[in-house]
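Structural overview for review
One-letter residues, chain by chain:
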Amino acid sequence: MDKVEMGTEDQHEMVAKAFVNHYYHLFDNNRAALATLYHHTSMLSFEGQKFLGVEQIGQKLTQLPFEQSKHFISTIDSQPSPFGGGILVFVSGNLQLSGEEHQLKFSQMFQLIPLPHGSFCVQNDMFRLNYG
C-alpha cells in the first residue's frame, strides 16, 4: 500500500472513531439529539424494523423502552465506501441498561456520507442485539 492510500485509510479510521465516540455519547446522554446525525433519505433497521427519514428515526430512538444506557465499545472497523467519499463503519460492544444486571451484546453498522459543508451524516444504520 502506498503512502497516499495509507493516508486515506488513516483518515477514514479517524473519522469513524470520532463518529462512534460522538454517536454513543449522544445516545447515552442526549438521545433526542441523535436525529441531527441523519438525513431525510436516511434509513434505520433496528432489530428488523425499518424506519425512513429523520422524523421516523428520531421517534424510534427516543421511544426506546429504557431511559438510561451506557455503551461499551469493543471494536470499530471501517472501510471507504464507493458512495462518493462515504465510510462504512461496523461497531460491536456491550450495552448496559439501567436497572439491568447483565450487559447486552450488540452490533451496529453505519454508512456515513459526506455533506457539502465538510461533515458526515448517517445514510444507513443497522442495529442488532447479539443473543447466544
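Along each chain, numbering runs from 1 in the same order as the chain's sequence is written. For a predicted model such as this one, the threshold for reporting local features is a pLDDT of at least 70, and the threshold for listing and counting side-chain atom pairs is 80 or more; totals across whole chains, interfaces and linings nevertheless cover every residue. Hydrogens are left out, water is left out, and the side-chain values use all remaining heavy atoms of the structure.

Some words on the overall build of the protein chain
Looking only at helices and strands, the protein chain features two helices and six strands. Along the protein chain, from the amino end to the carboxyl end, the secondary structure elements read α-β-β-α-β-β-β-β. Values of the radius of gyration come from C-alpha atoms, whereas the globule rule sets the reference at 2.2 Å times the count of residues to the power 0.38. At 15 Å, the protein chain has a C-alpha radius of gyration in line with the 14 Å of a compact globule built from 132 residues. Taken over the C-alpha atoms alone, the protein chain extends approximately 50 × 30 × 25 Å along its principal axes. Taking all contacts inside the protein chain whose residues are at least 6 apart in sequence as the whole, residues at least 24 apart take part in 45%. Helix numbering and strand numbering both begin at the N terminus, where a helix is a DSSP run of H or I of at least 4 residues and a strand a DSSP run of E of at least 2. Two residues qualify as a contact provided that any one of their heavy atoms is within 4.5 Å of a heavy atom in the partner residue.

Describing the side chain of Asn94
As for its position among the elements, Asn94 is in strand 4 (residues 87-97). According to the relative accessible area criterion, Asn94 is buried, its value standing at 17%. Definition of a polar contact: a pair of N or O atoms within 3.5 Å, with one able to donate and the other able to accept a hydrogen when the atoms are protein atoms, and with sequence-neighbouring residues admitted only if both atoms are side-chain atoms. Among the polar contacts listed, one links the side chain of Asn94 to the side chain of Gln103, at a separation of 3.4 Å. Those residues in contact with Asn94, other than ones at most four positions away along the chain, are Lys70, His71, Phe72, Gln103, Leu104, Lys105 and Phe106. Accessibility here uses a 1.4 Å probe with only protein chains present; expressed as a share of the type maximum, an area under 20% marks a residue as buried, one over 50% as exposed, and anything in between as partly exposed.

Details of the sheet that holds strand 3 (residues 69-80)
In short, DSSP must find at least two bridges between two strands for them to pair. Here six strands make up an open sheet; going across it, the order is 2-1-6-5-4-3 and the pairing mixed. Strand pairing shows two members of the sheet lacking a second neighbour, strand 2 (49-52) and strand 3, which therefore form its edges. The average angle at which neighbouring strand axes cross in this sheet is 15°, direction not considered. Looking at chain direction, strand 4 and strand 5 (residues 104-114) are connected through nine bridges and run antiparallel. Counted as the bridge partner of Val89 is Phe110 from strand 5. Between N-to-C directions, angles cover 0 to 180 degrees, with each direction set by a line fitted to C-alpha atoms, over the stretch in contact for helices. Those strands touched by helix 2 (residues 53-62) are strand 1 (38-46) and strand 2, and its axis lies near 40° from that of strand 1.

Structural notes on empty space enclosed by the protein
With a 1 Å grid spanning the protein atoms alone, the term cavity applies to any set of points in which a 1.4 Å probe fits but cannot get out, the term pocket to an open set with protein on both sides within 12 Å along at least five of seven lines, and the term lining residue to any residue with an atom within 4 Å of a point. Grid points are joined across faces, edges and corners, and a volume is the space filled by probe spheres set on the points. The tally for this structure, following the rule as stated, stands at one cavity of 30 Å³ or more. Tyr23, Phe27, Leu44, Phe46, Leu61, Gln108, Asp125 and Phe127 are the residues that line the largest cavity. Breaking the lining of the largest cavity down by element, the ones donating at least two residues are helix 1 (3-29), strand 1 and strand 6 (120-130). Tallied by class, residues from the lining of the largest cavity come to six nonpolar, one polar and one charged. Note on residue classes: Ala, Val, Leu, Ile, Met, Phe, Trp, Tyr, Cys and Pro are nonpolar, Asp, Glu, Lys and Arg are charged, and everything else, Gly too, is polar.

Let's talk about the nonpolar core
The definition of a nonpolar core used throughout is a set of buried Ala, Val, Leu, Ile, Met, Phe, Trp, Tyr and Cys residues joined through side-chain atoms within 4.5 Å. Counting residues in each nonpolar core, the largest one holds 29 residues, and the members touching the most others are Phe19, Tyr23, Leu37, Leu61, Val89 and Phe110. Secondary-structure elements contributing two or more residues to this core are helix 1, strand 1, helix 2, strand 4, strand 5 and strand 6. Counting residues per element, this core draws most heavily on helix 1, at seven residues. Apart from residues lying up to four places away in sequence, Val89 is in contact with Ala16, Val20, Ile76, Asp77, Ser78, Gln108, Met109, Phe110 and Leu112.

Considerations on the pairing of strand 2
The sheet contact formed by strand 1 and strand 2 spans four bridges and is antiparallel. Note on strand 2: the bridge partner recorded for Leu44 is Phe51. Counted along the chain from strand 1 to the antiparallel partner strand 2, the turn is two residues long, and its residue Glu47 has a positive phi close to 55°.

Treat this as a map of the structure, not an account of what it does.
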